[in-house]
Structures are given as structure tokens and as C-alpha cells.
Amino acid sequence: MQSTLSLSFSPSSSAAAVSRSNTTRFSLNTSTPLNLRFCGLRPQALAFNASGNHRSSQLPSRPRSQAISAALSANGSPPKSFDYDLLIIGAGVGGHGAALHAVEKGLKTAIVEGDVVGGTCVNRGCVPSKALLAVAGRMRELQNDHHLKSLGLQVSAAGYDRQGVADHAINLASKIRNNLTNSMKALGVDILTGFGKILGPQKVQIGSSDKIVTAKDIIIATGSVPFVPKGIEVDGKTVITSDHALKLEFVPDWIAIVGSGYIGLEFSDVYTALGSEVTFVEALDQLMPGFDPEIGKLAQRVLINPRNIDYHTGVFASKITPARDGKPVTIELIDAKTKEPKDTLEVDAALIATGRAPFTQGLGLENIDVVTQRGFVPVDERMRVIDSNGKLVPHLFCIGDANGKMMLAHAASAQGISVVEQVTGRDHVLNHLSVPAACFTHPEISMVGLTEPQAREKGEKEGFEVSVAKTSFKANTKALAENEGEGLAKLIYRPDNGEILGVHIFGLHAADLIHEASNAIALGTRIQDIKLAVHAHPTLSEVLDELFKSAKVKAHASIPVSEPVAV
Ligand SMILES: Cc1cc2nc3c(=O)[nH]c(=O)nc-3n(C[C@H](O)[C@H](O)[C@H](O)COP(=O)(O)OP(=O)(O)OC[C@H]3O[C@@H](n4cnc5c(N)ncnc54)[C@H](O)[C@@H]3O)c2cc1C
Ligand SMILES: NC(=O)c1ccc[n+]([C@@H]2O[C@H](COP(=O)([O-])OP(=O)(O)OC[C@H]3O[C@@H](n4cnc5c(N)ncnc54)[C@H](O)[C@@H]3O)[C@@H](O)[C@H]2O)c1
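Every value quoted in this text rests on a predicted model; they were computed, and no experiment measured them.

**Remarks on the sheet that holds strand β13 (residues 329–335)**
In space, the three strands of this open sheet follow the order β12-β13-β14, with antiparallel pairing throughout. Each having just a single partner strand, β12 (315–321) and β14 (341–347) make up the two edges of the open sheet. On average, each strand axis in the sheet is inclined to that of its neighbour by 25°, with strand direction left out of account. Of the strand pairs in this sheet, β12 and β13 are connected by six bridges, and their pairing is antiparallel. Along β13, the bridge assignment pairs Val 315 with Asp 335.

What follows is the structure in C-alpha cells.
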């Protein structure tokens, strides 16, 4: 096994540095402690210092090296036999995906959860947000007279019951949480309740009790919490994070959304559908800075400009004070570059959507000599944890939001499956460039692989040509039948060999359509091959069919010809 590695770690050191939209970007104003919350999981306040490491060390009065050797001498010797083959710390989607695959592979598996099964995605993320977005989509349709008339429909004024909408999100989360729990129980995964703390190699303490569990391999899957920049006071009522917003306790007349990434954009869709005015505050010079620029422009034309949304770009929200004593929420804006004061906003509420911070405090990483990087656990491309000397920690892996490679539910799960493949004897490296992402606005945005600027930069560095092909939803029969012709699909590829570098879609059901492209990238399928695949007519999938067919690949790689099958 390789012992010294260079770090493969994507989070940029500044929020102003844009990489991919769904790679971690968090470190704005980290010079003073951040105020992080974790939904009541742990009583003590969380605080990170400037480097993101935890301020309140477990062993604060001793030098670190001394503390580590003390811990190792007490707990450091690896156990000779194990309670489990695999122990997973954190029962979010990452942990759940790993657990299910582990059982399938015949591993005796346990999962430790300090709060509720399902983690962020199920309880405070993907699931409740998509329930709210489903309502938003219907409200939009019912309020769009022009659209309805063109279909020959007549509907009287649309309305909603706030608590009914909130209940839909709560009920869905509870249903999926039960499904997840039952699926693990049914397969024989032991669910251990308590906060997991690594005591030494292959050894984890569960909760504050004396319960210590040993396992041959351990996966850290402890996820993330909302990141709140300094100067912003979250009261959970008028200044909120997504944790609060998903409960939909009120629908403000006017809400400022700080950050125009995934969370900001999806909530702007929900709030405007429910009648709020939205003001975006974005640190970078354009909205939705993580998307492919062309898709971002189209999204701005369709999702921002015609809606009750205005915005301030190139500014930080440097101070936000909740509404109190009859005064509204106040937001002080400073220029992102010069730091000069720019403006003060007074609004009914503010949603802080400025990224997520890893949840790794109190995990006992110091006991195995692992130093986090702004809270993220350093891992190599196989999710193997790297210690402070650059060496792999045997039998220890970290997946999902806690490693910061790609903060998406399915990425967490895919990383978990990849780890299980490795510990059961099959080498596996997940190609993150094949992992799709989607923003569930109306219409949706989806993407896989590189943006056009990223592809051009790579092409320049590595000396290959980059080409772009595009198709419009306006030419698609199914989209037109739905009266939803506003949309674009964009393919970024190598004309010399037909390699797909990236695909970006804006339009109806873009989140479902992206998988043909992501699977093609994962399987190494070239354009000259996929353009021969057949799509049912009339379907939205023909948008991608057209896209691949319109690409101009110069060198024709051999096209596999399958034997004709007698029917
Ligand atoms: C509003 C919102 C919407 C989102 N929408 C989407 C979406 O549509 N699609 C998508 O792909 N992603 C979405 N995401 C991102 C997605 O939720 C995360 O990427 C995903 O949940 C990460 O999974 P995870 O398993 O790494 O961590 P988590 O889901 O955060 O789970 C970690 C679990 O570990 C537990 N834990 C932590 N420390 C310990 C410990 N020491 N001992 C025991 N248990 C511990 C926690 O209680 C938690 O249950 C969204 C996120 C948010 C906030
Ligand atoms: N549909 C999905 O897959 C989905 C949905 C929601 C969340 N998520 C995941 O959750 C994570 C967090 O989402 P997010 O939207 O919070 O983060 P993000 O990184 O997508 O966007 C944060 C935005 O906030 C801006 N920003 C940061 N600090 C600021 C400040 N002080 N003032 C003004 N602007 C500031 C950044 O420039 C950036 O544009 C993402 O990594 C995403 O992958 C995914």
C-alpha cells in the first residue's frame, strides 16, 4: 500500500475563488470564530479558529504531540479481534449507502448516529427542500395565466395553506427517514445510538458511556452544518439558515438571501412562488457563479429577471442583525474587494446560504494524528484518511460532506460504495467528473463534468482542442407539447477523440435528463458511439440525442457493431 500521498482536496481557500459549483467553497471571513449550529445534536457551542480546526481541543492544556501519544498509549494498540467488519460513523445518506452495500458484500456492519437517521439530506436538506419545491412548481403553473391559456385551461386563483405546505415537507422527511431506518434494520445493520468518537486505531466510543466498539474498517461519514460567516447573527426566526427555512414557519413579504448557490437559488424559487420578494446578496460579481457561464446567463434570464427578485453582487453581507424591538432585519453590505461600506438593507427576513462547514469536531481525530483542513478530513482519491505526516491511516476512510470533495448526497453514497468495494478486495476509484449535479428550480438546471472555461483551461494545459455543441428545447416535440420550450443543452467535448468533457442542461426535467451524459462519462462512452443510441419519440431525452448527434468528432474511433438479434 502506498504510504505517502499528496492531498486531493478541493475546497478553495476563498469564497471568491470559483471552482465547480458543487465543490466546497467555505472560508469567508474565517478570521474569527464561526457560529455553527447543529440542530441540537450536541449541547456545546461549536467554534472553529482561523484555520478551521477546532478551538476547544479535547486535551487543551497539553502540547498536541504529547496529547496524541498519551491517547495512543491508552487506546492506540489495534484490537486483535473485532466486533464488526465495518463501522460507519454517521447515518446520513453517505453512511446509509455504504451500510447497504457492505451488507450486500457480506460484511458485519454497524452504523453510529448521534442524532436522527438520514442526516442532512433526509431531515434538513434534499428531501424537505424538494417537497417545498414540488409545491412551488405547482403554484407557478397555477399562477401562470399565459401558460394555462395557451393549453386551453382555466383555473381560478391559486392559493396555499402555509402549514399544509410545511407539513408536506415534514411528512416526507419522516417517511424517508423511516424507509432508511427500516432498510438498514431489515438487512441486519446494527444501528448504534450515540455520538461516535475515535479512541484509537479501529476503536470507537459510542456516546458518553463506556461502550467501545471495535471494527476492522471504519468510515467517517459525519456530514456538515450550515456555514454562517462572522458578523451574522442567526436567531432562527428572522435571520435563518436552511435548517430553519425548511420548516416554513413563516413566509416573509421580503427576504434577503445571502449567497446565490444551490440553496439560495432553490429557496428563491420557493419563496417567490409563495409570494415573497427576494433580494440576493452575492459576494462574487455574478449570480450563480458556480454554473457554466452560459447556463448561468440563461438561468438569470428565466429564473431571476422576470420574478420578484433583485440582487446585489460583488458585496459581502458583513453584518446582519435580526428583527427586534419593532425594527426590521438590517444587513450591512461591504464591497467584496475594497471592503468599503456599500449599502444597508432593511428586510423582513434573511436566509444565510453561504455554504456548509464540515461536522468533524469531537470526533477524536487527534487520537489518530489526523489534522483537519478548515474542518475537512483530508483524504486521497480512494477516501483513505491521511494523517498529519501525509501517511495513510490504516483502515480509516472518510466520505461525504466531511471530506469536502463534493457536497452532494449521491456523491457521499457513491464514495461509501467505493470504500466498501475496496475493503472487500476490489480496487475502485470514483470518477467525480462523472457525478451529476442538479438544482431543482423551475425549470431545473443540471450538469456533469467540466464547465466550458474549465474545459478550455484543461485543453490549453494538456494541448487538446475543445468544442461545444448545443441544442434547444424549442426543437423538442415533447417540450413544446408541454409548452415548456425554454431550455438549452450544452455539450463540451474533444473533437479529436469524442470524449465528453461536460454536459449542462437548463430546462424541463433537466435533473433527470443528465444521467445519460453522466453514465456515458462514467463508462467512458465516446460521442461517436452514444450518437447511435436510440431514443423514444417524442421524449425530452431526444434533446440529448440531438446534442450528441450535432457534435463533430474528427477521428472516428472504432464503433462496436453488435450482432443482430433475432426477434
Ligand atoms: C437545503 C439543502 C438541500 C440539499 N439538496 C440536495 C439535493 O437536492 N441533492 C443533493 O445531492 N444534495 C443536496 N444537499 C446536500 C446533501 O444534503 C449533503 O451533501 C448530504 O446530506 C451529505 O451526506 P453525508 O452522509 O456526508 O452527511 P449528512 O447527511 O450530514 O449526515 C451525517 C450524519 O452524521 C451524524 N453525525 C455527525 N457526527 C457524528 C458522530 N460523531 N457520531 C455519530 N453521528 C454523527 C449526523 O447526525 C448526521 O446524521 C442539500 C443540502 C441542503 C442543506
Ligand atoms: N440541489 C442540490 O444538489 C443542492 C441543493 C442545496 C444544497 N446543495 C449542496 O449544499 C451545499 C451548500 O449550498 P450553498 O448554496 O449554501 O453553498 P454554495 O457554495 O453553492 O453557494 C454559496 C454562495 O454564497 C456566496 N457567499 C458566501 N459568503 C457570502 C457572503 N458573506 N456574502 C455574500 N455572498 C456570500 C458564495 O460566493 C456562493 O455563491 C452545496 O455544496 C451544494 O452542493 C445541493
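That shown, we press on.
**Topic: unusual backbone geometry**
Note: most peptide bonds trans; most residues except glycine with negative phi. Backbone torsion omega between His 442 and Pro 443 reads -5°, so that peptide bond is classified as cis. Among the secondary structure elements, Pro 443 is positioned in the loop between β19 (437–439) and β20 (444–449). The amide bond that connects His 537 to the next residue, Pro 538, takes the cis arrangement and shows omega of -5°. Among the structural elements, Pro 538 can be located in the loop between α14 (527–530) and α15 (542–550).

**Observations regarding the sheet that holds strand β9 (residues 254–258)**
As summarised here, the arrangement of the five strands in space is β8-β15-β9-β10-β11, forming an open sheet in which the pairing is parallel. Single-partner strands in this sheet number two, and they are β8 (239–240) and β11 (309–313). In this sheet, β11 lies alongside strand β10 (residues 277–282) in parallel orientation, the contact comprising five bridges. When the bridges of β11 are listed, Glu 282 appears paired with Thr 313. Sheet strands in contact with helix α8 (residues 262–273) are β8, β9, β10, β11 and β15 (349–352), and its direction is about 165° off that of β10.

**Details of the state of the cysteines**
Applying the stated criterion across every chain, the model contains one disulfide. There is a disulfide in this structure between Cys 121 and Cys 126, and the S-S distance comes to 2.3 Å. Handedness here is read from the sign of the S-S torsion; for Cys 121 and Cys 126, about -130°, the answer is left-handed. In this structure Cys 398 is a free cysteine whose sulfur lies 17 Å from that of Cys 121, the closest cysteine sulfur available. Not engaged in a disulfide, the cysteine Cys 439 finds its nearest cysteine sulfur in Cys 126; these two sulfurs lie 12 Å apart.

**Comments concerning the pairing of strand β5 (residues 203–206)**
Going residue by residue along β5, you find Lys 203 and Gln 205 tucked away on one face and Val 204 and Ile 206 tucked away on the opposite face as well. Judged from the four bridges that link them, strand β4 (residues 196–200) and β5 form a sheet pairing that is antiparallel. Paired with Ile 198 across the strands is Val 204, a residue of β5. Linkage of β4 to β5, two consecutive antiparallel strands, is achieved through a turn of two residues, within which Gln 202 is found at a positive phi near 60°. Sheet topology note: the β5/strand β6 (residues 212–220) ladder contains three bridges and is antiparallel. Within β6, the position partnered with Gln 205 by the bridge is Ile 212. Linking β5 to β6, which pair antiparallel, is a turn of five residues; within it Gly 207 sits at a positive phi near 65°.

**Looking at helix α10 (residues 409–423)**
The end-to-end C-alpha distance of α10, which contains 15 residues, comes to 22 Å, matching closely the 21 Å that a straight helix rising 1.5 Å per residue would cover. Listing the buried residues of α10 in full gives Ala 411, Ala 412, Ser 413, Gln 415, Gly 416, Ser 418, Val 419, Val 420, Glu 421 and Gln 422. For α10, the secondary structure elements touched by its buried residues are β1 (84–89), α2 (93–104), β6, β17 (384–386) and β18 (392–398). Remark: Gly 425 follows α10 within two positions and exhibits a positive phi of approximately 100°.

**Digging into the side chain of His 147**
Relative to the assigned elements, His 147 resides in helix α5 (residues 145–150). Apart from residues no more than four positions distant in its own chain, His 147 is found in contact with Glu 482, Asn 483 and Glu 484.

What counts and how
- Residues numbered from 1 in each chain as written.
- Chains lettered and ligands numbered in written order.
- Predicted model: local features only at pLDDT ≥ 70, side-chain atom pairs only at ≥ 80, totals over all residues.
- Heavy atoms only, no water.
- Pairing = 2+ DSSP bridges.
- Helix = DSSP H or I, 4+ residues; strand = E, 2+ residues; numbered from the N terminus.
- Axes fitted to C-alpha atoms, helices over the stretch in contact; angles between N-to-C directions.
- Contact = heavy atoms within 4.5 Å.
- Disulfide = S-S within 2.5 Å.
- Buried < 20%, exposed > 50% of the residue type's maximum accessible area, 1.4 Å probe, protein only.
- Expected span 1.5 Å × (residues − 1).

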